[in-house]
Amino acid sequence: MAEVKFGVATSHVPAIGVAIDNGKEDEPYWAPLFEGYEGARKWMADARPDVVILAYNDHASAFDLSLIPTFAIGVADEFPIADEGYGPRDIPPVFGYPELAWHLAESLILDEFDMTIVTDLPVDHGLTVPMSIVYGKPETWPVRVIPLAVNVIQYPPPTARRCYDLGRAIRRAVHQWDEDLTVAVFGTGGMSHQLQGERAGWVNTPFDTSYLNRLGSEPEALAEVTHTELLKEAGSEGIELVMWLIMRGAMSREVREVHRHYHVPASNTAAGLIIFEGT
Amino acid sequence: MATKRLPQHDIPGTYVFDGAHHRKGYALNMMCMTLNVPENRDAFRADEEAYLDKFDLTPEQRRSVLERDWLEMLRLGGNIYYTFKIAAFDGVSMQHVGGQMSGITEDEFTQMMINGGRNSFG
């Protein structure tokens, strides 16, 4: 039986990808961030999940304002690296797992989560930066990936509660799959940041710390946090944190925290990372 | 026509990209989207004015793009993930854009982030 054993939540700041691609990890600006990622990479080298289901948001790469799916699942064999306006990152393409992805799509839709099904899906920094954070720079990614794109750019995104419930449905669907697979679910984006407006640069460390502290033990409470509170406290782009609850929903009720890191800044963002193992 | 005022509209210095913004900024954002294609970036580089002629921008939106007025682009319906494609095209940083939108220099903005970000506003 396939099983969701691991959960990873991490920021997906594009500048982190640029730093990795250009070998800047030891520079004074970046070193404190990447020192905290070492533990995550060591953990991943042992954990070695067979499949990652990766919740992220597309940033005007595969989707634009003409079509905005709230939840979209990638069912292709391969996902090319998107050109986001400055050429694609020089990293390997991402290989999918169409059989399992279609099972998830069917199971989730029959479970009343109305997924959009996508075959032609170039993936941007939202997906690739978390991969680089935990896997570094391999020649090929040592894992198959099922992209789960969530709209968090056009207001309103799905609620925190809906994301948490989707995670629970993903867990049910994975556990119906009759193949011995270890699955990790990633929730990406956040933590507090605001890229736009006169309030650009907003960071709320007390809020982020509380979020990290409560994600393992009180996910039901975090599922009640409203969009207005997220926009106000975590900033206009910090609302991405709803995607962390997809990961948390997909994990067992009790989890063991195995790694945590928090650093300000990564570009204009408070970068957070937390890893759970199921019980 | 009645307009419902929602709590998320009252966060100072913050532009929530709702349906009204979507409609206002549709042409502007979709123009930015075309910069994902290398040939289009070349065309934009060759003649910005002629490139913008191909899109149904308002005169104000057009001026905000040509003048790289990042805050004005937001006010006119721009979404930061779309308009930032112009900044990436220019080779300027998110700190440059954030600084201009909040009325400080790029260096000041960068230092503010290193010091822990903007912790209070309004």
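Residues numbered from 1 in each chain as written. Chains lettered and ligands numbered in written order. Predicted model: local features only at pLDDT ≥ 70, side-chain atom pairs only at ≥ 80, totals over all residues.

1. Points about the overall build of chain B
Right, on to step 1. The secondary structure content of chain B amounts to 8 helices and 0 strands.
Right, on to step 2. Counting helices and strands in the order they occur from the N terminus, chain B gives α-α-α-α-α-α-α-α.
Right, on to step 3. Reported as C-alpha extents along the three principal axes, the dimensions of chain B are approximately 45 × 40 × 20 Å.
Right, on to step 4. Expressed as a percentage of its 122 residues, the buried residues of chain B come to 39%.
Right, on to step 5. For chain B, the share of sequence-separated contacts (at least 6 apart) that also reach a separation of at least 24 residues comes to 53%. (Helix = DSSP H or I, 4+ residues; strand = E, 2+ residues; numbered from the N terminus. Buried ≥ 20, exposed ≤ 12 C-beta atoms within 10 Å, placed from the backbone. Contact = placed C-beta atoms within 7 Å.)

2. Some remarks on the overall build of chain A
Right, on to step 1. When you go through chain A residue by residue, the secondary structure sums to 9 helices and 10 strands.
Right, on to step 2. The C-alpha atoms of chain A give a radius of gyration of 17 Å, which matches the 19 Å a tight globule of 279 residues would have.
Right, on to step 3. Over its C-alpha atoms, taken along the principal directions, chain A stretches across nearly 45 × 40 × 40 Å.
Right, on to step 4. Within chain A, buried positions represent 56% of all 279 residues.
Right, on to step 5. In chain A, the proportion of contacts linking residues at least 24 apart, taken out of those at least 6 apart, comes to 82%. (Rg over C-alpha atoms; globule rule 2.2 N^0.38 Å.)

3. A word on the interface of chain B and chain A
Right, on to step 1. At the junction of the two partners, chain B supplies 39 residues and chain A supplies 33 residues.
Right, on to step 2. For the side of chain B that touches chain A, the secondary-structure elements that each account for two or more residues are helix 1 (19–33), helix 6 (80–90), helix 7 (94–102) and helix 8 (106–114) of chain B.

4. Overview of the packing of helix 1 (residues 14–21) of chain A against helix 4 (residues 125–135) of chain A
Residue and element names in this part refer to chain A.
Right, on to step 1. Their axes nearest at 9 Å, the elements helix 1 and helix 4 cross at an angle of 50°. Put simply, helix 1 runs oblique to helix 4. Two packed elements cross with a definite hand, and for helix 1 against helix 4 that hand is left-handed. Two secondary-structure elements touch here, helix 1 through P14, I16, G17 and I20 and helix 4 through H125, T128, V129, S132 and I133. (Axes fitted to C-alpha atoms, helices over the stretch in contact; angles between N-to-C directions. Parallel < 35°, antiparallel > 145°, perpendicular 65-115°, else oblique. Left-handed = near helix turned anticlockwise from the far one by under 90°.)

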